[in-house]
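Notes for the structure review
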Amino acid sequence: MEIIEIRDSNASVSSIKNNNIRWNIYSKKMFKFFLIVYSVGIALLIYGIFNFNEFSRKSYSKFEFKTQIIQTNNYYSNWHISESIGIVMLFIAFVQSINYYNQKKIFFKNANDISIKLLETSNEILIKIDNEFVKYYSPDLNIEIKWKLISKYSIYNNHLLLYLDEGKQSILVIDKSLISLEEYNYLLAIINKKRVIKIN
């Protein structure tokens, strides 16, 4: 077997499903980001509040110069570094949350537009895979991807995902139900030969 041909004759429905998979993968990464940034930001803010006096102090100085006595009182700000960093991190997380929401709306609008275009045309997508290239053919897009541009792969809900090195949602989704067991094993053999890294 030299070439694997994967033909999807219900591409309109599949494109919606595949884009849902792409977004779910991206959402998991963003969830980790939000969890870390919000947690650290809140922790630093709480630390600053409960250690209010630790970084706050008042100093008293008295100098005698001939017949004059100079007295100074110095007050140090309670607003210290941990509170500042905490608030900055929470602000960044808030801004990214808004960006994430806007990205989601744009992403699924584009996904719906693609699905409609497929339905209005041949409603078919063809993927050809050999030792040199992964080739993708649709009514609006024909691309050839060299294996060296594919850095990782994973298995997700009976789909094989090939991750390209460019773009956060640059994932080629292959439905395992569209290929035979022999073809699937051959595809895995190519992936292993090209030293594509498996991720969870």
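Residues numbered from 1 in each chain as written. Predicted model: local features only at pLDDT ≥ 70, side-chain atom pairs only at ≥ 80, totals over all residues. Heavy atoms only, no water.

Quick look at the packing of helix α1 (residues 11-50) against helix α2 (residues 81-120)
- Orientation of α1 relative to α2, taken along the N-to-C sense of each, is 175 degrees, at an axis distance of 8 Å. In this view, α1 runs roughly antiparallel relative to α2, as classed from their interaxial angle.
- By residue class, the composition of the contact of α1 with α2 is 27 nonpolar, 14 polar and three charged. (Axes fitted to C-alpha atoms, helices over the stretch in contact; angles between N-to-C directions. Helix = DSSP H or I, 4+ residues; strand = E, 2+ residues; numbered from the N terminus. Parallel < 35°, antiparallel > 145°, perpendicular 65-115°, else oblique. Nonpolar A, V, L, I, M, F, W, Y, C, P; charged D, E, K, R; others polar.)

A look at the packing of aromatic side chains
- In total, this model carries nine aromatic pairs according to the counting rule given.
- Seen from their ring centres, F34 and Y38 are 6.3 Å apart, and the 40 degrees between their planes marks the pair as tilted. Of this pair, F34 and Y38 both sit in helix α1, four residues apart, roughly one helical turn.
- Here F34 falls in the buried class, since its relative accessible area comes to 13%.
- With centroids separated by 5.3 Å and ring planes inclined at 90 degrees, the aromatic side chains of F107 and F108 adopt a geometry described as edge-to-face.
- In this structure an aromatic cluster arises from ring pairing among W23, Y26, F33, F34, Y38, Y100, F107 and F108. (Phe/Tyr/Trp six-rings, centres within 6.5 Å; stacked < 30°, edge-to-face > 60°. Buried < 20%, exposed > 50% of the residue type's maximum accessible area, 1.4 Å probe, protein only.)

Re the pattern of salt bridges
- Applying the stated criterion to the full structure yields six salt bridges.
- As a salt-bridge pair, K17 and D175 come within 3.6 Å of each other at their nearest N and O atoms. Taken as a pair, K17 in helix α1 and D175 in strand β9 (residues 171-175) lie far apart in primary sequence, 158 residues in all.
- Accessibility expressed as a relative area gives 36% for K17, which makes it partly exposed.
- Between K135 and E144 there is a salt bridge; the shortest N-O distance is 3.9 Å.
- Given a relative accessible area of 19%, K135 falls into the buried group.
- By sharing partners, the salt bridges in this structure join E5, R7, E124 and K128 into a single network. (Salt bridge = Lys/Arg side-chain N within 4 Å of Asp/Glu carboxyl O.)

Points about a nonpolar patch on the surface
- Judged by side-chain polarity, F33, V88, F91, I92, F94, V95 and I98 come together as a nonpolar surface patch covering roughly 610 Å² of accessible area.
- Take the nonpolar patch: its biggest share by element is six residues, from α2.
- Looking at the secondary structure, you find F33 in helix α1. (Patch = residues over 30% accessible without salt bridge, like charges linked within 9 Å, V, L, I, M, F, W, Y side chains within 5 Å. Areas by Shrake-Rupley, 256 points an atom, 1.4 Å probe, with all protein chains shown as cover.)

Concerning the sheet that holds strand β7 (residues 150-156)
- Read from one edge to the other, the open sheet built from four strands follows the order β9-β8-β7-β10, with strand pairing classed as mixed. Only two strands of the sheet have a single neighbouring strand rather than two, namely β9 and β10 (197-198).
- When β7 meets strand β8 (residues 159-164), the two strands line up antiparallel, connected through six bridges. Across the sheet, the residue bridging to I150 is L164, located in β8.
- Packing against the sheet, α1 makes contact with β7, β8 and β9, and its axis sits at approximately 130 degrees to β9.
- Across the sheet, helix α3 (residues 181-193) touches β7, β8 and β9, and the angle it forms with β8 is around 25 degrees. (Pairing = 2+ DSSP bridges. Contact = heavy atoms within 4.5 Å.)

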